[in-house]
Amino acid sequence: MNTRLTSPHALVIALATAGVIGAVGAGAYTSARAVNAPTNTASAAPAAMVTLPDFSTITSRDGPAVVNISVTGTAKASDAEAAAEMQGIDPDDPMFQFFRRFQGQMGPRAQQREVPVRSQGSGFIVSPDGIIMTNAHVVKDAKEVTVKLTDRREYRAKVLGADAKTDIAVLKIDAKNLPTLALGNTKDLKVGEWVLAIGSPFGFESTVTAGVVSAKGRSLPDDSYVPFIQTDVAVNPGNSGGPLLNTRGEVVGINSQIYSRSGGYQGVSFAIPIDVAVQVKDQIVATGKATHARLGVAVQEVNQAFADSFKLDKPEGALVSNIEKGGPGDKAGLKAGDVIRKVDGEPIVSSGDLPAVIGQQAPGKKVTLEVWRQGERQELSAKLGDASDKPAQVAKNDSAAGQGKLGLALRPLQPQEKREAAIESGLLIEDVAGPSALAGVQAGDVLLAINGTPAKTLEQVREVVAKADKSVALLIQRGEDKIFVPVRIG
């Protein structure tokens with residue numbers, strides 16, 4: 001779309017905002033609406049003033065505390081793959097696949113060997129004596145880590161520790177009186193607030209990009225221990241481990257991931273909240289490792305269908321679908337069908353909030369869980385376990401819900417079937433049609449409960465369905481997995 005600027009003043013504002021020309025004054029610009037407002041009318045409203053952040057001051061003052069990290073290591077690769085790498089063939093190139101197929105034809109004669117791996121990332125100094133924070137994936141499998149300062153000095157760094165669960169690593173270089181960054185508070189960060197990143201994307205050191213906070217508390221599929229900060233700040237390979245700063249120059253996050261289908265920035269980036277990062281950093285500095293707590297339950301997202309089934313006022317919380325036998329959740333009295341709404345008073349809005357909140361606690365700590373069970377609020381006390389013993393699992397439910405009657409053909413389980421499935425009660429689903437089929441229920445599944453009521457008899461199921469309004473929640477077992485499935489019935 002071609003937009004015609006009718007005022008030379010409007011043109012100056014547009015170019016200054018875009019950074020094309022310098023602006024006159026103390027950094028305050030008149031809004032475009034005020035510029036285009038009539039100036040010869042006595043009754044005109046006062047012009048609104050918009051102050052833009054001064055990124056140049058932040059960059060010059062805080063930039064020296066941001067470092068470039070170069071990593072060398074080795075990885076195992078087949079002779080064929082190594083040959084492809086030596087020829088500079090991209091892994092997505094068909095010729096690379098040719099080398100891989102050739103490797104397969106070689107069978108047992110094919111050899112695995114160590115090949116050099118080099119990568120780059122970013123980091124920032126948090127202590128004058130050389131403590132540096134970065135991402136764990138930046139220094140993964142590293143044999144040598146080199147830190148380069150903005151004044152071109154280089155140091156060999158020691159990895160004090162790395163925590164894969166939160167993607168935080170701590171390095172130490174032998175230096176003194178180094179510049180440092182001030183650490184902020186993620187809780188004070190607001191959606192829509194200006195933030196900027198400093199790092200080395202694609203090896204271009206001291207690169208500055210800016211944007212705004214898009215969301216807080218984002219849960220990503222492979223990083224359930226971290227409530228990410230989502231921004232539209234341009235972050236690319238090499239930015240990993242660099243700081244995300246607010247307009248006061250305080251670190252509010254560590255740039256970690258991007259959403260991309262091309263491998264480059266596509267408008268969405270994610271940062272680890274500095275509160276989480278500092279907690280992990282302090283543990284690593286003190287002990288060389290970080291510990292995380294676990295509850296020992298599998299949870300699902302509470303959608304509107306589940307909220308209707310369990311009579312919740314809104315679709316929030318973490319729906320417990322499975323409980324580790326003898327685990328912390330089991331000992332606390334949690335049951336499949338409970339919806340965890342709060343942990344020590346902190347609201348659990350989405351299922352991803354639960355492992356993030358629990359994971360930041362210390363193993364052995366006692367927490368109070370507010371759960372929704374059979375239409376009533378209850379409180380349970382749980383003593384958390386250690387995540388290093390057995391990682392917590394988050395069950396995923398991608399099924400869709402249909403409309404109409406339940407559409408299930410059920411029969412009681414035989415004693416032998418109960419023993420094989422390791423369950424005390426349940427109904428075998430022999431055939432599926434209508435809304436249950438659309439919701440993803442399959443013949444051969446075992447119906448364990450409906451709306452939290454154990455499915456022991458066909459009559460129990462009929463009674464629950466008769467009382468249900470819009471939908472029901474079926475707890476089914478498929479193989480060794482248990483999962484809730486929402487089914488619309490009206």
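Not measured: the values here are computed from a predicted model. (Residues numbered from 1 in each chain as written. Predicted model: local features only at pLDDT ≥ 70, side-chain atom pairs only at ≥ 80, totals over all residues. Heavy atoms only, no water.)

**Side note on the overall build of the chain**
What counts is decided by this rule: Strands are runs of DSSP state E lasting at least 2 residues, helices are runs of H or I lasting at least 4, and numbering of each runs from the N terminus. Burial classes follow relative accessibility: with a 1.4 Å probe on protein chains only, a residue under 20% of its type's maximum area counts as buried, one over 50% as exposed, and anything between as partly exposed. Should any heavy atoms of two residues lie within 4.5 Å, those residues are counted as being in contact. Every accessible area reported is derived by Shrake-Rupley at a probe size of 1.4 Å, with residue values counting cover from the shown protein chains alone.
When you go through the chain residue by residue, the secondary structure sums to twelve helices and 29 strands. For the chain, buried positions account for 44% of its 490 residues. Pairs at least 24 residues apart make up 61% of the contacts formed inside the chain by residues separated by at least 6 positions. For the chain, the accessible area works out to roughly 25,700 Å², and carbon and sulfur atoms hold 51% of it.

**So, the nonpolar core**
What counts, and what does not: Definition used in this section: a nonpolar core is a set of buried Ala, Val, Leu, Ile, Met, Phe, Trp, Tyr and Cys residues joined via side-chain atoms within 4.5 Å.
Membership of the largest hydrophobic core comes to 26 residues, with the highest contact counts inside it found for Phe124, Met133, Ile168, Leu181, Leu245, Ile254 and Ile272. Looking at this core, the elements with two or more residues in it are β4 (112–127), β5 (131–134), β8 (168–172), β10 (194–199), β12 (223–231), β14 (250–258), β15 (269–273) and α6 (274–287). With five residues, α6 is the largest single contributor of residues to this core.

**Some details on the pattern of salt bridges**
In plain terms, the rule: Salt bridge criterion: a side-chain nitrogen from Lys or Arg within 4 Å of a carboxyl oxygen from Asp or Glu.
Scanning the entire structure with this criterion turns up 18 salt bridges. Two residues, Asp282 and Lys281, come together in a salt bridge whose shortest N-O distance is 3.1 Å. For Asp282, a relative accessible area of 41% gives the class partly exposed. Residue Glu459 pairs with Arg462 through a salt bridge whose shortest N-O separation is 3.5 Å.

**Looking at the side chain of Ser122**
What counts is decided by this rule: Under the rule applied, a polar contact is a pair of N or O atoms within 3.5 Å (in protein, one hydrogen donor and one hydrogen acceptor; residues adjacent in sequence only if both atoms are side-chain atoms).
You can see Ser122 is positioned in strand β4. Under the relative-accessibility criterion, Ser122 is labelled buried at 0%. Only 2.9 Å separates the side chain of Ser122 from the backbone nitrogen of Ser200, close enough to count as a polar contact. With near-sequence residues (within four places) excluded, Ser122 lies in contact with Val67, Ile69, Thr134, Gly199, Ser200, Gly238, Asn239, Ser240, Gly241 and Gly242.

**Describing the pairing of β15**
Defined as follows: What makes two strands pair is DSSP finding at least two bridges between them.
Within β15, five of the five residues are buried, which leaves the element mostly enclosed by the surrounding structure. The pairing of β14 with β15 spans five bridges and is classified as antiparallel. In the strand pairing of β15, Gly253 is matched with Pro273.

**Looking at the packing of aromatic side chains**
Quick reminder of the rule: For Phe, Tyr and Trp, where Trp contributes only its six-membered ring, two rings pair if their centres lie within 6.5 Å, and the inter-plane angle classes them as stacked under 30 degrees, edge-to-face over 60, or tilted in between.
Under the defined criterion, the tally for this structure stands at five aromatic pairs. Residues Phe55 and Trp194 carry aromatic rings whose centres are separated by 5.7 Å and whose planes lie at 65° to one another, so their mutual orientation is edge-to-face. Residue Phe55 is found in helix α3 (residues 55–62), and its partner Trp194 is found in strand β10; the two are separated by 139 residues along the sequence. Summarising the aromatic geometry, the rings of Phe306 and Phe310 are spaced 6.4 Å apart at their centres and angled 40° between planes, so their arrangement reads as tilted. Judged by relative accessible area, Phe306 falls into the buried class, the value being 0%. The rings of Phe306, Phe310 and Phe484 are connected pair by pair, giving a single aromatic cluster.

**Observations concerning empty space enclosed by the protein**
What counts, and what does not: In this analysis a 1.4 Å probe is tested at points of a 1 Å grid over the protein atoms alone, and where it fits but cannot get out there is a cavity; an open set with protein on both sides within 12 Å along at least five of seven lines is a pocket; lining residues have an atom within 4 Å of a point. Grid points are joined across faces, edges and corners, and a volume is the space filled by probe spheres set on the points. Classes in brief: Ala, Val, Leu, Ile, Met, Phe, Trp, Tyr, Cys and Pro nonpolar; Asp, Glu, Lys and Arg charged; the others, Gly included, polar.
Taken as a whole, this structure holds two cavities of 30 Å³ or more when the rule is applied. Forming the walls of the second largest cavity are Thr166, Val276, Gln279, Val280, Gln283, Thr291, His292, Gly359, Gln360 and Gln361. Among the elements that make up the lining of the second largest cavity, the one with the highest residue count is α6 (four residues). Partitioned by chemical class, the residues of the lining of the second largest cavity number two nonpolar, eight polar and no charged.

**Quick look at the confidence of the model for the chain**
Selection rule: pLDDT is a residue-level measure of predictor confidence that goes from 0 to 100.
Looking at the chain, the pLDDT average stands at 81 and 78% of residues meet or exceed 70. Segment residues 1–43 is flagged for pLDDT under 50; beyond a separation of four residues in sequence, or across chains, it makes 34 contacts in the model. Every residue in residues 391–404 scores below 50 in pLDDT, and together they form 39 contacts with partners more than four places removed in sequence or on other chains.

**Considerations on the side chain of Ser350**
On the secondary structure map, Ser350 appears in the loop between β20 (346–347) and α9 (353–359). For Ser350, a relative accessible area of 19% corresponds to the buried category. Discounting chain neighbours no more than four positions away, the residues touching Ser350 are Ser219, Glu301 and Gly317.

**Details of the environment of Ser351**
Its location among the elements puts Ser351 in the loop between β20 and α9. Taking the C-alpha atoms as reference, Ser351 lies 5.8 Å from Gln300; in sequence the two are 51 residues apart. With near-sequence residues (within four places) excluded, Ser351 lies in contact with Val299, Gln300, Glu301, Gly317 and Ala318.

**Here's the deal with the pairing of strand β29 (residues 481–488)**
Where strand β28 (residues 471–478) and β29 come together, eight bridges link them in antiparallel fashion. Bridge pairing in β29 links Gln477 to Lys482. Taking the residues between adjacent antiparallel strands as the criterion, β28 and β29 are bridged by two residues, where Gly479 takes a positive phi near 70°.

**Considering α6**
As a reminder, the rule being used: A helix is expected to span 1.5 Å for every residue after the first. Here, the arc refers to the directions that run from the helix axis to the C-beta atoms.
Between its first and last C-alpha, α6 extends 20 Å over 14 residues, near the 20 Å set by a 1.5 Å rise per residue. All of the buried residues along α6 are Ile274, Val276, Ala277, Val280, Lys281 and Ile284. Taken down its axis, α6 places every buried residue within 150° of arc, on the same side. Residues of α6 that are exposed and angled more than 90 degrees away from the buried face: Ala286 and Thr287. At the C-terminal side of α6, Gly288 shows a positive phi close to 90°.

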